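# Working through the structure, step by step
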Amino acid sequence: MHEVSIMTEAVRLAVAAAQAAGARQITGLRLRVGTLSGAAPEALTFAWDIVRRDTLAERAQLEIETIPATGWCATCRAEFAAADFLGECPRCHEPGGQLQHGRELEIAAVDFI
Ligand SMILES: [Zn+2]
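Residues numbered from 1 in each chain as written. Predicted model: local features only at pLDDT ≥ 70, side-chain atom pairs only at ≥ 80, totals over all residues. Heavy atoms only, no water.

The protein atoms donating to the zinc ion are C73 (SG), C76 (SG), C89 (SG) and C92 (SG), with metal-donor distances spanning 2.3 Å. Between the four donor atoms coordinating the zinc ion, the angles at the centre fall across 107 to 113°, so the site counts as tetrahedral. Ordering the donors of the zinc ion by residue number gives the pattern C-x2-C-x12-C-x2-C. Highlighted residues: C76 in the loop between β3 (70–73) and β4 (78–81) and C89 in the loop between β4 and β5 (98–101), separated in sequence by 13 residues. On the accessibility criterion, C89 (2% relative accessible area) is buried. (Donors = N, O, S within 2.8 Å, 3.2 Å for Na, K, Ca; no water. Tetrahedral: all angles 85-135°; square planar, octahedral: opposite > 155°, others 65-115°. Helix = DSSP H or I, 4+ residues; strand = E, 2+ residues; numbered from the N terminus. Buried < 20%, exposed > 50% of the residue type's maximum accessible area, 1.4 Å probe, protein only.)

Overall, the coordinates contain five salt bridges when judged by the stated rule. Of the charged contacts, one joins R32 and E106 as a salt bridge, the two residues approaching to 3.0 Å between their closest N and O atoms. On the criterion of sequence distance, the pair formed by R32 in strand β1 (residues 26–34) and E106 in strand β6 (residues 105–112) is long-range, its members being 74 residues apart. Among the salt bridges present, the one from D49 reaches R52, with a minimum N-O distance of 2.8 Å. Here the salt bridges do not stand alone but share partners, grouping R30, R32, E65 and E106 into one network. (Salt bridge = Lys/Arg side-chain N within 4 Å of Asp/Glu carboxyl O.)

So, about the sheet that holds β4. If you walk across this open sheet you meet the three strands as β4-β3-β5, and the pairing is antiparallel. For this open sheet the edge positions go to β4 and β5, each flanked by a neighbour on one side alone. Direction aside, the axes of adjacent strands within the sheet are offset by 40° on average. (Pairing = 2+ DSSP bridges. Axes fitted to C-alpha atoms, helices over the stretch in contact; angles between N-to-C directions.)

A separate point is the side chain of E3. With respect to the element layout, E3 can be found in helix α1 (residues 3–20). In this structure, E3 is buried with no salt-bridge partner, the nearest side chain bearing the opposite charge being R103 at 16 Å. In this structure the side chain of E3 is engaged in a polar contact, spanning 2.8 Å, whose partner is the backbone nitrogen of A40. Setting aside its immediate chain neighbours within four residues, E3 contacts G38, A39, A40, A43, L44 and A47. (Lys, Arg positive; Asp, Glu negative; His and termini not counted. Polar contact = N/O pair within 3.5 Å; in protein donor to acceptor, adjacent residues only side chain to side chain. Contact = heavy atoms within 4.5 Å.)

A separate point is the sheet that holds β1. Spatially, the three strands line up as an open sheet ordered β2-β1-β6, and their pairing is mixed. Looking at the sheet topology across the chains shown, the edges are occupied by β2 (61–67) and β6. Going from strand to strand, the sheet's axes swing by 15° on average, the running direction of each strand aside. α1 contacts β1, β2 and β6 of the sheet and is inclined by roughly 135° relative to β1. Of the strands in this sheet, β1 and β2 are in contact with helix α2 (residues 41–51), which crosses β2 at around 165°.

This brings us to the side chain of R52. Mapped onto the elements, R52 comes out in the loop between α2 and β2. Among the polar contacts listed, one links the side chain of R52 to the backbone oxygen of A60, at a separation of 3.2 Å. The contacts of R52, once residues within four sequence positions are left out, are A57, E58, R59 and A60.

Structure follows, in structure tokens:
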């Protein structure tokens, strides 16, 4: 379950940002997670409850923003909902579309006081 290490790193970064700002407590952490990032939101939430213990983020609210996977078809010059990494365009069935979104796995915001 690599979500634990992802979450450990997210909390470490959030705590570092809060400490650098002289904050006493993290009140919120928002993550942006693409549907093709390989990280499951439920597993991240589960990991969050463990790794935030005894940190500045202990009482913070976690918010996970799910980013749907989208690709770009150069033939149709159109964006489409990507089902997987193959990036097949649903209109012309041309493979090799450029994956534009869906791989995100990042901290969108850290709120602290
Ligand atoms: Zn197409």
